[in-house]
Structures are given as structure tokens and as C-alpha cells.
Amino acid sequence: MKVLVIGGGAREHALCRSLSLDPDVTALYCAPGNAGIAEVAELHPVDALDGEAVARLATELGAELVVVGPEAPLVAGVADAVRAAGIPCFGPSGEAARLEGSKAFAKDVMAGANVPTARSYVCTTPAEIDAALDAFGAPYVVKDDGLAAGKGVVVTDDLETARAHALACDRVVIEEFLDGPEVSLFAITDGTTVLPLQPAQDFKRALDGDEGPNTGGMGAYSPLPWADPKLVDEVMRTVLQPTVDELRRRGTPFSGLLYAGLAITSRGVRVIEFNARFGDPETQVVLARLKTPLAGLLLGSANGTLDAVPALTWHDDAAVTVVIASHNYPGTPRTGDPIDGLADVVAKDAPDAFVLHAGTRQEGDAVVSAGGRVLSVTATGKDLTQARERAYAAVGRIRLDGSQHRTDIARKAAEEA
């Protein structure tokens, strides 16, 4: 089949890489893409938030499946426009994508589905904000109700910092702090059948030791040797299937990728948040381990035929991703810096390690930085220790002036495995 992927980050590069390795994919397009994606897919310009433009491009290319990567186009209803043009689309409707687009909507759905989550208040006035902060106490968890590119959440012990973030939001969700490690679990669904993928863990803070500000994610690993072997089954039973069933019951069926951000607390599993698309950087490690060809899975979701898909198969290897970010990230990043060493990784580390482009663009013969998170260096190995060694060896070959990366991705899990 001919596949068109919408987006231009490392998540989309990971999707395109997996689709390019699928023998069923006869043509692969990406819009708008980036310098790295150009190596595996034909790039086309498009406004990813313009559903009519995306549908028109898909029609012109003869695409038989459209895969919408980022959350903003999904919330904007791009998948609806593609389906209205008669083309199968992987990704929820604009209405169902509110599961990510509105924290308050997600809390309402969880209440209806009896999904375990943090107690919370939805606040729109300073008085409501003060009452909620007072009710829960420190550490304070303050979430912008809308989309904020992974940076709308503040977790702090400082009341004034929490209050300032809350007041800067039009509508805010303030909730109790959930203790325990966090887990990301993706599931592909057609609105009825739910197929869970392997769990991963990402690293939100900018600096080693989980210090510094929240980011969109500085690295990830899979599998999780410390997690209960029954975790996926439990989350399927208590979170994923009930949520999909509840949305269908409401007349808002959810098809595409349902992402549950979980806290493994002292009182059991709790949902921190839902996303309506593949997470970045967890996608990079989960897809590196997926043996089942990707295109048929995504098409099954789009066509409502997931119940006919065979059980998923996985490589035994572990995978680690390390994000190389630009100077000053997650503040206003410096862009336009040349990136050197990419060919060295291909020559010396492939196929065990590879580079997925996030914020890059081609300038003549050079690849330069074009965003906050610039590259996701991903490696596989027989265990997390070997995957880490390979990932960091590849990171060491890349030169980007002023860049930053964490040195402790998956270290603790590897040491304890």
C-alpha cells in the first residue's frame, strides 16, 4: 500500500523507518517531514493543521493510508477530513482526540469508565485555584487544560510557582501528586479491539538525576525489567479497554493510538494522563522492538479490522533512546547550527544504533538544527546495558555546538536488571 505520514519530528521518523522496512509498503510519503525522514520517504510540503490540504495531498498521491503523527492536527480534526475524502486514516477524530486536547474531558471520561486516576479539580478562577492548591498541598501538580507540547505541566513544592503557572492558563487542572515510577503504555485500537504494545519509560526532566525543568522528553527505554509481568494485562483490564468502551458508549469512538501515562503508586496503578497519539521519545524504543510489520496494524485500526490481526510479536532486544537537544532547550532554542557526525554513526554503529531526526532541516549539503529536540539516537542490544553503551557511543560521534543530552537514560534500570 501507499502510505502518507503527517508530521516532521522524531516520532514521525520512527514511524517512517518502521514503515519503510515493511514489505507491504510500496510507496512512502511524509509531509512536511525533515532532513532525516527524506532518506526513507518522499517529502511534500503541507500545513499539517489544515485538514482539507492534507486530504487533498493524500488524494493527489493516491495514498491508501494516512498516519497522523502529532497531537495538534488530530485535535484540529485532520483525521476527520481525510476520512471524509474516503481514505483510511490512523488517528482519532477531533472529538475523540479531546482525550488529549482537554485534561478536563479526559478526567470526565475516566470517571465514567471508572479508571483509577488522581483526584483533581478543574479551575477557571483565582479563588478556585487557591482552594485546590490548598486542598492538595505540596508537591503541587498543575496542568494546563489544553495542548502545550509536553510543557504544560508543572510539578513543584513551591506554592508561588504553582500558582503562577495556574494563573497563566485559561483553564487548569490541579490534582494530587502521584508517587512511584512512571510508565508509558501505548495501545492500538479501532474503537472496539485494543492491542497493547510493550511498556516504556521516558525521562521528562532536562538534566541528569531528574533535575531541571520539564521537557517534551529527553530519552526512553524498553523493556522495563523492574515492572510487574502482569502490568500490561492489568492496565488493559482497568484502563485501556474501559476507556475505549466508554468513548464508544458516548458516541465518540476512539480509533488510533491510545497512550496511557501511568504512575505505579503505593496504592496501585493510576493514570496521569492520556495522549491521542504515539509518544515521543517512547515511540522510538517501542517500534525498535516491534517485530510485527507496522502498516497492517495501522490499517487494521483505520479499517476497524484489528480483531483479525494476529498476536503481536517482539524482538527480545532492549532499546534505549537518548535525545540530543539544542542550546537553551526547553527555553527558546538556538537553531541553524550544523550537525556533524551523522555519517559516522551509519558507518560505525549501524544497524545496532541509528539516528532519528526531530528538529532538523537540510541547508545545501549540510543538516542543521531546526528545533529544541534535534535528534533521537536509538540503539538496541541484548539487554539495557548493551543498548545504553551503543546509544551513548553513537551520541559521542555527533557534534552540534551548544547541544545537551542526559547521560543517565536507563542507567538505574540497567544496573538493577
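The model shown is predicted, which means the values in this text are computed figures rather than measured ones.

1. Description of the packing of aromatic side chains
Phase 1 of the analysis: For the structure shown, the criterion picks out five aromatic pairs.
Phase 2 of the analysis: Relative to F136, the ring of Y121 has its centre 5.4 Å away and its plane inclined at 45°; by these criteria the two rings are tilted. Here F136 lies in helix α7 (residues 126-136) and Y121 lies in strand β6 (residues 120-123), a separation of 15 residues in the sequence.
Phase 3 of the analysis: By relative accessible area, which is 42% here, Y121 ends up partly exposed.

2. Things to note about the sheet that holds strand β9 (residues 172-175)
Phase 1 of the analysis: Spatially, β6-β9-β7-β8 is the arrangement adopted by the four strands of the open sheet, whose pairing is antiparallel. Edge positions in the sheet fall to β6 and β8 (153-156), since each has one partner strand and no second. Between one strand and the next, the sheet's axes are offset by a mean angle of 20°, whatever the strand orientation.
Phase 2 of the analysis: Looking at chain direction, strand β7 (residues 140-144) and β8 are connected through four bridges and run antiparallel. From the neighbouring strand, Y140 faces β8, where its bridge partner is T156.

3. Some thoughts on the sheet that holds strand β2 (residues 27-32)
Phase 1 of the analysis: Read across the open sheet, the five strands follow the order β3-β2-β1-β4-β5; overall the sheet is parallel. In this open sheet, the two strands that pair with only one neighbour each are β3 (42-43) and β5 (89-90).
Phase 2 of the analysis: Here strand β1 (residues 2-7) runs beside β2; their pairing, made up of six bridges, is parallel. Considered in β2, the bridge of K2 is made with A27.
Phase 3 of the analysis: Its contacts with the sheet put helix α1 (residues 10-20) on β1, β2 and β4 (65-68), and the angle it makes with β1 is roughly 170°.
Phase 4 of the analysis: Helix α11 (residues 294-303) contacts β4 and β5 of the sheet and is inclined by roughly 90° relative to β4.

4. Here's the deal with the packing of α7 against helix α8 (residues 159-167)
Phase 1 of the analysis: At their nearest, the axes of α7 and α8 sit 10 Å apart, and the two run at 145° to each other. α7 and α8 meet at a crossing whose hand is right-handed. For the pair α7 and α8, contact is made by P126, I129, D130 and L133 and by L159, A162, R163, A166 and L167, respectively.
Phase 2 of the analysis: Each residue belonging to the contact of α7 with α8 can be placed in one class, and the counts come to seven nonpolar, no polar and two charged.

5. A short note on unusual backbone geometry
Phase 1 of the analysis: Note the cis peptide between A31 and P32, where omega equals -5°.
Phase 2 of the analysis: Structurally, the position occupied by P32 is in strand β2.
Phase 3 of the analysis: S222 connects to P223 through a cis peptide bond whose omega is 5°.
Phase 4 of the analysis: Here P223 lies in the loop between β15 (219-222) and α9 (231-249).
Phase 5 of the analysis: Not every positive phi belongs to a glycine, and N328 is a case in point at roughly 85°.

6. A closer look at empty space enclosed by the protein
Phase 1 of the analysis: Summed over the entire model, instances satisfying the criterion amount to two cavities of 30 Å³ or more.
Phase 2 of the analysis: Its volume calculated, the largest cavity comes out at about 70 Å³.
Phase 3 of the analysis: Taken together, L99, K103, A106, K107, M110, K143, V173, E175, I272, E273 and F274 make up the full set of residues lining the largest cavity.
Phase 4 of the analysis: Mapped by element, the contributors of at least two residues to the lining of the largest cavity are α6 (103-113), β9 and β17 (268-275).
Phase 5 of the analysis: If one sorts the elements of the lining of the largest cavity by residue count, α6 sits on top with four residues.
Phase 6 of the analysis: Across the lining of the largest cavity, the residue classes break down as six nonpolar, no polar and five charged.
Phase 7 of the analysis: Computed from the structure, the second largest cavity encloses a volume of approximately 40 Å³.
Phase 8 of the analysis: What lines the second largest cavity is simply A14, R17, S18, Q284, L287, A288, F354 and L356.
Phase 9 of the analysis: Listed by contribution, the elements that provide at least two residues to the lining of the second largest cavity are α1, α10 (282-289) and β20 (353-357).
Phase 10 of the analysis: Looking at the lining of the second largest cavity, its residues break down into five nonpolar, two polar and one charged.

7. Quick notes on the nonpolar core
Phase 1 of the analysis: Of all hydrophobic cores here, the largest spans 81 residues; its most connected members are L4, V66, L99, L240, V320 and I398.
Phase 2 of the analysis: The contact partners of L99, leaving out residues within four places of it in the chain, are F105, A106, V109, T243, L247, F254, L258 and F274.
Phase 3 of the analysis: Counting 42 residues, the second largest nonpolar core, distinct from the first, contains A41, L257, L312 and A319.

8. Some remarks on the packing of α1 against α11
Phase 1 of the analysis: Following both chains from N to C, one finds α1 and α11 inclined at 110°, their axes separated by 8 Å at the closest point. One element, α1, and the other, α11, form an angle in the roughly perpendicular class. Across the interface between the two elements, L15, S18 and L19 of α1 pack against L294, A295 and L298 of α11.

9. Observations regarding the environment of I129
Phase 1 of the analysis: By the secondary structure assignment, I129 is in helix α7.
Phase 2 of the analysis: Overall, the relative accessible area of 3% leaves I129 in the buried class.
Phase 3 of the analysis: For the pair I129 and A162, spaced 33 residues apart in the sequence, the C-alpha separation amounts to 9.6 Å.
Phase 4 of the analysis: Among residues more than four places away in sequence, those in contact with I129 are C123, A166, L167, V172 and I174.

Scoring rules and cut-offs
Residues numbered from 1 in each chain as written. Predicted model: local features only at pLDDT ≥ 70, side-chain atom pairs only at ≥ 80, totals over all residues. Heavy atoms only, no water. Phe/Tyr/Trp six-rings, centres within 6.5 Å; stacked < 30°, edge-to-face > 60°. Helix = DSSP H or I, 4+ residues; strand = E, 2+ residues; numbered from the N terminus. Buried < 20%, exposed > 50% of the residue type's maximum accessible area, 1.4 Å probe, protein only. Pairing = 2+ DSSP bridges. Axes fitted to C-alpha atoms, helices over the stretch in contact; angles between N-to-C directions. Contact = heavy atoms within 4.5 Å. Left-handed = near helix turned anticlockwise from the far one by under 90°. Nonpolar A, V, L, I, M, F, W, Y, C, P; charged D, E, K, R; others polar. 1 Å grid on protein atoms, 1.4 Å probe; cavity = no way out; pocket = protein on both sides within 12 Å on 5 of 7 lines; lining within 4 Å. Points joined across faces, edges and corners; volume = space filled by probe spheres on them. Core = buried A, V, L, I, M, F, W, Y, C linked by side-chain atoms within 4.5 Å. Parallel < 35°, antiparallel > 145°, perpendicular 65-115°, else oblique.

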